[in-house]
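Observations on the three-dimensional arrangement
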Amino acid sequence: MSKHRLRVCVGYNDDNSPIIKQISAASETELAEMAVKALLKSERRSEFVADLPVAKAVPSFGKYAAEWMKTYKQGKLKPTTLKGYESILKGHFYPEWRHTPIDQITTKAIQDFLCEKKHLSAKYLHDMRVFLAQIMESAMRDGWIDKNPATDSRLYNPSHKEAIGREALSIETVKDIIPSLYCLERMDRLYLAIVIFTGMRKGEVLGLRWEDFDLMKNVIHVQRNATYTNNQPFVGTPKTKSGYRDVPIISDLLAHILPMGERG
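The text that follows walks through the structure, step by step, so that each part is easy to find. The structure presented is a predicted model; accordingly, all values stated were derived computationally and were not measured. Per chain, the residues get numbers from 1 upward, laid out in the order the sequence is written. With pLDDT at 70 or above as the cut-off, local features in this predicted model cover only qualifying residues; side-chain atom pairs require 80 or more to be listed or tallied, and sums for whole chains, interfaces and linings still use all residues. Note that the side-chain values use all heavy atoms of the structure and ignore hydrogens as well as water.

1. Structural notes on the sheet that holds strand S7 (residues 245-248)
Should DSSP find at least two bridges between two strands, the strands are taken to pair. Under the scheme used here, helices are H or I runs from DSSP no shorter than 4 residues and strands are E runs no shorter than 2 residues, and both carry numbers assigned from the N terminus. The three strands lie next to each other as S3-S4-S7, forming an open sheet whose pairing is antiparallel. Edge positions in the sheet fall to strand S3 (213-214) and S7, since each of these pairs with one other strand and no more. As paired strands, strand S4 (residues 219-222) and S7 are joined by four bridges and run antiparallel to one another. The partner of valine 222 across the bridge, within S7, is arginine 245.

2. Description of the pattern of salt bridges
We define a salt bridge as a side-chain nitrogen of Lys or Arg found within 4 Å of a carboxyl oxygen belonging to Asp or Glu. If you walk through the whole model with that rule in mind, you get nine salt bridges. With a closest N to O distance of 2.8 Å, lysine 123 and aspartate 127 form a salt bridge. Of this pair, lysine 123 and aspartate 127 both sit in helix H6 (residues 122-141), four residues apart, which is roughly one turn of the helix. Using a relative accessible area of 58% as the deciding quantity, one classes lysine 123 as exposed. When accessible area is computed with a 1.4 Å probe and restricted to protein chains, residues below 20% of their type maximum are described as buried, those above 50% as exposed, and intermediate ones as partly exposed. Residue aspartate 127 is classed as partly exposed on the basis of its relative accessible area of 28%. Residues glutamate 204 and arginine 201 are paired through a salt bridge, measuring 3.0 Å at the closest nitrogen-oxygen approach. Among the residues examined, glutamate 204 registers a relative accessible area of 2% and is labelled buried.

3. Quick word on the packing of aromatic side chains
Ring pairs shown here join Phe, Tyr and Trp side chains whose ring centres sit within 6.5 Å, with only the six-membered ring taken for Trp; geometry is labelled stacked below 30 degrees between planes, edge-to-face above 60, and tilted in between. In total, this model carries nine aromatic pairs according to the counting rule given. The interplanar angle of 15 degrees and the centroid separation of 4.1 Å between the aromatic rings of tyrosine 85 and phenylalanine 131 together place this pair among those described as stacked. Of this pair, tyrosine 85 sits in helix H4 (residues 79-97) while phenylalanine 131 sits in helix H6; the two residues are 46 residues apart in sequence, bridging distant segments of the chain. In this structure tyrosine 85 comes out as buried when scored by relative accessible area, which is 17%. The class for phenylalanine 131 is buried, based on a relative accessible area of 0%. Arranged with centres 4.8 Å apart and planes meeting at 40 degrees, the rings of tryptophan 97 and phenylalanine 113 form a pair that is tilted. Pair noted here: tryptophan 97 is in helix H4 and phenylalanine 113 is in helix H5 (residues 107-116), with a separation of 16 residues, a long-range link. Taken individually, tryptophan 97 and phenylalanine 113 each receive the classification buried, so the pair is uniform in this respect. Here a set of aromatic residues connected by ring pairs shows up, and it is made of Phe61, Trp68, Tyr85, Phe93, Trp97, Phe113 and Phe131.

4. Topic: H4
At any given residue, the bend is defined as the angle formed between two axes, one fitted to the seven residues that end at that position and one fitted to the seven that begin there. At leucine 89, H4 shows its maximal bend, which comes to roughly 40 degrees. All buried positions along H4 are accounted for by Leu82, Tyr85, Ile88, Leu89, His92, Phe93, Tyr94 and Trp97. Contacts are assigned to residue pairs that have any heavy atoms within 4.5 Å of one another. Buried positions along H4 lie against helix H3 (61-73), H5 and H6.

Printed below as a string of structure tokens:
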């Protein structure tokens, strides 16, 4: 049977008269606790305690990186670049840090990660670190971390894989190819002739339209680049601003262009 009772004012009516709630408890301690709870639930709460903002949970690296990609990269990057970033995320970053709170990824953790990948090329490790630094920089700007651990000067590239250079075709090989161009189908012949006589990139050649061949000035206007993602073609702009240029058409190449005489 309740032995302790207390009348608590939990608010006020329109005429400013008090709204009273009677509380009963078996002990004084329980009565005090119930009174506090009643006041905290009432319209008088602000008289006794200030409402403090609730700290947000730090997102995991995987959650933050996915949202960052969606917000800042998907509508900005070319398909091939976007695919490269997603490959790094899924193949390297997510297996390591998908569920790790982003504020727990330290410079040491990044160096350890790079050392585990030392079998990869120096360029690929460099690209991964630059990509990671972009994500962490955004997290710092959003207030999730105090500093960017991926830009620490102590980090080094541990790659043990030696770079393999690419050798251009020898003059002798090119001289053997040129007389055989006429053995190819017409479009294959034109493609290979442009590659040989201009040095243009594959994507730049595939992005050409007939209107890009200026036969009055004997130049090719390079202004597009074609790439393939999941076997689907995408025609965009050249990789860099310097990619926009005019390439001379020499007489040997002109001999392969003139018979075409098409547009589109």
